[in-house]
Amino acid sequence: MLRKLLTQTSSRRLLTSGVPPLFSKSTISPFSSLSSSPEPPSSENSTVEQPGTTISVDRSALYNPPDHSHESTPDSELVKHLKSIIKFRGGPISVAEYMEEVLTNPKAGFYMNRDVFGAQGDFITSPEVSQMFGEMIGVWTVCLWEQMGRPERVNVVELGPGRGTLMADLLRGTSKFKNFTDSLHIHLVECSPALQKLQHQNLKCTDESSSEKKAISSLAGTPVHWHATLEEVPSGVPTIIIAHEFYDALPVHQFQKSSRGWCEKMVDVGEDSKFRFVLSPQPTPASLYLMKRCTWATPEEREKLEHVEISPKSMDLTREMAKRIGSDGGGALIIDYGMNAIISDSLQAIRKHKFANILDDPGSADLSAYVDFPSIKHSAEEASENISVHGPMTQSQFLGSLGINFRVDALLQNCNDEQAESLRAGYWQLVGDGEAPFWEGPDEQTPTGMGTRYLAMAIVNKNQGIPAPFQ
Ligand code: SAH
């Protein structure tokens, strides 16, 4: 079946995006006392344009403006808004609240008003690296649909579709499987009006009803609907959910061990009127409630913990997904960068492919955190007895077992030299070893590349058996 899918998958896009700028991840140093703010992440080993080279910015030709450091830049709307929350609340806000406002504030959140992806944007994702990524997710989706007994109607839900590239490649790639595409209703869960528009364009949609946010994608003649949350997607229909780089955008609380117990890292405004991190003087309700997450960490894990990051939104989302899959049938695929372990301190800001300070000019940089895969597994299993959880496995294992090697070979049969080079570069970027957006620097122990840094996990209705390629 897999082989058949891979050779029959249609290949009209063929051109992969050019080799994107790359960036590294560095750990933000934890603040140690009540009012210290974190060091900005080191930009060493940072952005890499060519394999193995470190970017250094040549400033020699830059105009050196006169020093206006005493003149502070006016606060943006989002900065004013955050400061007013802190002022009227009468104290600091949680890192989770800060993150949520920065990313999805309806007026000025990072995602809300523009295209943030690709070489011209702030960061690059796998679907933008190569068409093969969306095609392989298409293969996974068709396989699951087969295991579901080829239902006549299936809702395919994508959480946080970005530019819509993954879904466009999935639809293009599976368009020969008429029974499958005829069964599809696409539901895109997207908070950003600007990105919804882009998705509409990239899926080549014609409006059926713009007030109901309903359209038809001419890529496979499938209906497409937009929603702000998963709860809004109609239930009662077999469902396949895809979440690629969605969980890492969900807000995290950060906790730190202290002599007073597990206290919470918060965001405050200092006397200089700048944002700074502070530590709550005693455990907050969130730390008391959320540190329960640690009770199902292994004792060895618990002993080592000094910092912990926990995302209640991720757990709630997973519960909702598991309940749906448990009652309606189907499954979910989650791919993200993260670990099969509790996460300690991973929140990072990225602007224009470089690390930035988390508190600097909020709304102009992406904020993301590593995904805690065991907490997803645990939340899903807690929410429904009818589901089973598989993985995580690395992205390279996942794509490799689904047959990306056959796919790249098939595409290479039918392309020009430039396309071939782009396909090979994209392939290596996705499966690892090659140019990778997560280059950890010289530490040989640390896995590198999207292939190992990104993990794939599936949640499926038990009636579906074990999903490919987790058997
Ligand atoms: N999956 C895409 C984009 C990942 S970026 C890709 O791989 O290229 C995260 C996406 O999730 C963006 O589309 C962003 O607008 C959306 N998003 C982030 N937080 C959201 C939320 N709380 N609700 C709905 N969409 C959200």
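In short, a report on the structure. Since the model is a prediction, treat every value here as computed from it, not as a measurement.

## Quick look at the nonpolar core
- Within the largest apolar cluster, 57 residues are counted, with the highest numbers of intra-cluster contacts made by Ile137, Trp140, Leu171, Leu203 and Phe398.
- In terms of residue count, the dominant contributor to this core is helix H5 (residues 131-147) (10 residues).
- The next biggest cluster of nonpolar side chains, apart from the first, holds 31 residues, and it includes Tyr98, Phe117, Val267 and Ala349.

## As for the side chain of Glu101
- With respect to the element layout, Glu101 can be found in helix H3 (residues 95-104).
- One buried charged residue, Glu101, forms no salt bridge at all, with the nearest opposite charge on Arg89 at 7.0 Å.
- With sequence-adjacent residues up to four places away left out, Glu101 is seen in contact with Leu78, His81, Leu82, Ile85 and Gly109.

## Some words on helix H11 (residues 312-328)
- Along its 17 residues, H11 runs 24 Å from first to last C-alpha, staying within 8% of the 24 Å computed at 1.5 Å per residue.
- All buried positions along H11 are accounted for by Ser314, Met315, Leu317, Thr318, Glu320, Met321, Ala322, Arg324, Ile325, Gly326 and Asp328.
- Positive phi shows up at Gly329, right after H11, with a value of about 85 degrees.

## Comments concerning the pattern of salt bridges
- What the rule picks out here adds up to 17 salt bridges.
- Where Glu128 meets Arg163, a salt bridge forms, and the shortest distance between an N and an O atom there is 2.9 Å. Of this pair, Glu128 sits in helix H4 (residues 126-129) while Arg163 sits in the loop between strand S2 (154-159) and helix H6 (165-174), placing them 35 residues apart in sequence.
- We classify Glu128 as buried; its relative accessible area is 8%.
- Residue classification places Arg163 among the partly exposed positions, given a relative accessible area of 21%.
- Asp182 is the partner of Lys178 in a salt bridge, and the nearest nitrogen-oxygen pair spans 3.1 Å. A residue pair is termed a helical-turn pair when its members lie 3 or 4 positions apart in one helix, as Lys178 and Asp182 do in helix H7 (residues 178-183) at four residues.
- Judged by relative accessible area, Lys178 falls into the exposed class, the value being 53%.
- When salt bridges with common partners are traced through the structure, they connect Asp115, Glu128 and Arg163 into a single cluster.

## What about the site of the ligand?
- Near the ligand lie 17 residues; those nearest to it are Thr125, Gly160, Gly162, Glu190 and His244.
- Contact between the ligand and Glu190: an oxygen atom at 2.6 Å from a side-chain N or O atom of the residue.
- Contact with the protein chains hides 92% of the accessible area of the ligand, taken as 570 Å² for the molecule alone.
- When grouped by side-chain class, the residues that make up the shell around the ligand number eight nonpolar, six polar and three charged.
- In terms of domain composition, the shell around the ligand takes at least three residues from each of domain 1 (2-21 + 124-240 + 316-329 + 388-464) and domain 2 (32-47 + 66-119 + 250-312 + 340-373).

## Thoughts on the sheet that holds strand S15 (residues 366-368)
- Strand order in the open sheet formed by three strands is S14-S13-S15, and the pairing between neighbours is antiparallel. Each edge of the sheet is formed by a strand with only one pairing partner; in this case those strands are strand S14 (354-356) and S15. The average angle at which neighbouring strand axes cross in this sheet is 40 degrees, direction not considered.
- Relative to S15, strand S13 (residues 348-351) runs antiparallel, the two sharing three bridges. Across the sheet, the residue bridging to Ala349 is Leu367, located in S15.

## A look at the environment of Gly432
- Locating Gly432 in the fold gives a position in the loop between helix H15 (417-431) and helix H16 (449-453).
- Residues Gly432 and Thr394, spaced 38 residues apart in sequence, show a C-alpha to C-alpha distance of 9.9 Å.

## Topic: the packing of H5 against H6
- Packing of H5 against H6 leaves a shortest axis separation of 7 Å and a crossing angle of 60 degrees. One finds that H5 runs oblique with respect to H6. Crossing of H5 against H6: the hand is right-handed. Of H6, the residues touching H5 (which contributes Gln131, Phe133, Gly134, Glu135, Ile137, Gly138, Thr141 and Val142) are Leu166, Asp169, Leu170 and Thr174.
- When its residues are assigned to classes, the contact of H5 with H6 shows five nonpolar, five polar and two charged.

About the criteria used
- Residues numbered from 1 in each chain as written.
- Predicted model: local features only at pLDDT ≥ 70, side-chain atom pairs only at ≥ 80, totals over all residues.
- Heavy atoms only, no water.
- Core = buried A, V, L, I, M, F, W, Y, C linked by side-chain atoms within 4.5 Å.
- Buried < 20%, exposed > 50% of the residue type's maximum accessible area, 1.4 Å probe, protein only.
- Helix = DSSP H or I, 4+ residues; strand = E, 2+ residues; numbered from the N terminus.
- Lys, Arg positive; Asp, Glu negative; His and termini not counted.
- Salt bridge = Lys/Arg side-chain N within 4 Å of Asp/Glu carboxyl O.
- Contact = heavy atoms within 4.5 Å.
- Expected span 1.5 Å × (residues − 1).
- Near = heavy atom within 4 Å.
- Polar contact = N/O pair within 3.5 Å; in protein donor to acceptor, adjacent residues only side chain to side chain.
- Areas by Shrake-Rupley, 256 points an atom, 1.4 Å probe, with all protein chains shown as cover.
- Nonpolar A, V, L, I, M, F, W, Y, C, P; charged D, E, K, R; others polar.
- Domains from an automatic or database assignment.
- Pairing = 2+ DSSP bridges.
- Axes fitted to C-alpha atoms, helices over the stretch in contact; angles between N-to-C directions.
- Parallel < 35°, antiparallel > 145°, perpendicular 65-115°, else oblique.
- Left-handed = near helix turned anticlockwise from the far one by under 90°.

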